[in-house]
Amino acid sequence: MNTLKRAPWQADALLLLVTLLAAGGWIFSKEALAGMPPLLFIGTRFLLAGLMLTLFAWPALRRMPARRIRRGAFVGLLFSAAIAFWVLGLEHSTHLGESAFIHSLGILLVPIVARLLFGDRPPRTTWVALPVALIGFVFLSLNAGFSVEASQLFMVCSALCFALLINVNTRVVRNLPPLPFATLQLLVVGGVLTLLSLLTERETLNLSPTILGWFLASVLFASSLRFYVQIKAQSMTTPSHAAVILMLEAVWTALLAGWWFSETMTLLQLMGCGLIFTALLINRWYWVRQVLLRWIPH
């Protein structure tokens, strides 16, 4: 029997919760950045989240061989670059929904990076999806008056880094236990970016009760709880199936940003975001079809 058929409905529910927590993280983070430098915010956020997960992962971390710790730390460095570009893009972003859809291009770029660096052969759907996504990005650029904004560039760089990160994850840390590995990644990202902030950032820190509240929400819900639930959900289903549901993060982010920040989209933005999401569906069409067949009653 297909592993997808055996995957329980609880995995889908947990993955949907993960997408909502991740979308909420965009809102929490944008609010917190009003009073915190970006690298300090993301560094301390991940450091605290990693320390919280350490409470659950410590027994496994103690037994982990040094070579596995080195592998995890290396992947953590890649993660640091990806999340640093993300938070810089978020700081400059004037439209969270648009940024979320640009960032979701990382899913589409995974097989492209695999082809360029590791010689893997992408599915034919990738070559169909890629021009659709590029047209979508052009529409978003046209919305800014024939120019690419700083936030868009940062989000594209983050998407590229995440595509590389996913490829390296599948090769360098295969068969490693997920909870201690995720904890190690969070600690490395937190340590690296907090140190980088102390060395480079000179912005004023304004930890008002409101800013502190948003910061704690991003630590507790968008980092610790999100990663814990995601690890549990991914252990209950296949990676490709999980990726299909996780694509909804951009949709929830756009909806939440519209509700919380009263964001609206121009026709070009709607067309651009719609084309990018269509490209993601095309790229994952086999698994999208499997998910739909599973959800639709026969």
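Conventions used here
- Residues numbered from 1 in each chain as written.
- Predicted model: local features only at pLDDT ≥ 70, side-chain atom pairs only at ≥ 80, totals over all residues.
- Heavy atoms only, no water.
- Helix = DSSP H or I, 4+ residues; strand = E, 2+ residues; numbered from the N terminus.
- Rg over C-alpha atoms; globule rule 2.2 N^0.38 Å.
- Buried < 20%, exposed > 50% of the residue type's maximum accessible area, 1.4 Å probe, protein only.
- Contact = heavy atoms within 4.5 Å.
- Areas by Shrake-Rupley, 256 points an atom, 1.4 Å probe, with all protein chains shown as cover.
- Lys, Arg positive; Asp, Glu negative; His and termini not counted.
- Charge placed at Lys NZ, Arg CZ, Asp CG, Glu CD.
- Disulfide = S-S within 2.5 Å.
- Polar contact = N/O pair within 3.5 Å; in protein donor to acceptor, adjacent residues only side chain to side chain.
- Patch = residues over 30% accessible without salt bridge, like charges linked within 9 Å, V, L, I, M, F, W, Y side chains within 5 Å.
- Salt bridge = Lys/Arg side-chain N within 4 Å of Asp/Glu carboxyl O.

(A) Here's a closer look at the overall build of the protein chain. In terms of regular secondary structure, the protein chain is built from 14 helices and zero strands. Walking the protein chain from its N terminus toward its C terminus, one meets helices and strands in the order α-α-α-α-α-α-α-α-α-α-α-α-α-α. Over its C-alpha trace the protein chain gives a radius of gyration of 19 Å, about what one expects of a compact globule, namely 19 Å for 298 residues. Projected onto its principal axes, the C-alpha positions of the protein chain cover 50 × 50 × 40 Å. The buried share of the protein chain, taken over its 298 residues, is 51%. Contacts spanning at least 24 positions in sequence make up 90% of the contacts within the protein chain whose residues lie at least 6 apart. Of the roughly 14400 Å² of accessible surface on the protein chain, a fraction of 70% belongs to carbon and sulfur atoms. Looking at the protein chain, you have 21 positive and 10 negative side-chain charges, and the mean spots of the two groups are 21 Å apart.

(B) Local environment of the state of the cysteines. All told, the structure shown has zero disulfides when counted by the stated rule. Cys161 provides the cysteine sulfur closest to Cys157, a residue in no disulfide bond, and the two sulfurs are 6.8 Å apart. Among the residues examined, Cys157 registers a relative accessible area of 29% and is labelled partly exposed.

(C) Quick peek at the side chain of His95. One can find His95 in the loop between helix 4 (66–92) and helix 5 (96–103). Engagement of the side chain of His95 in a polar contact is seen with the backbone nitrogen of Glu98, the distance being 3.2 Å.

(D) Seen up close, a nonpolar patch on the surface. On the surface, Met52, Leu205, Leu207, Leu212, Leu216, Leu220, Phe221 and Leu225 cluster together into a nonpolar patch covering about 640 Å² of accessible area. Looking at the nonpolar patch element by element, the count peaks at five residues for helix 10 (residues 209–234). Residue position: Leu225 is located in helix 10.

(E) Structural detail: the environment of Gly35. Structurally, Gly35 can be placed in the loop between helix 2 (9–32) and helix 3 (38–63). A relative accessible area of 3% places Gly35 in the buried class. Considered as a pair, Gly35 and Glu203 are 168 residues apart in the sequence and their alpha carbons are 9.3 Å apart. Beyond its immediate stretch of four places on either side in the chain, Gly35 contacts Thr204, Leu205, Asn206 and Ile211.

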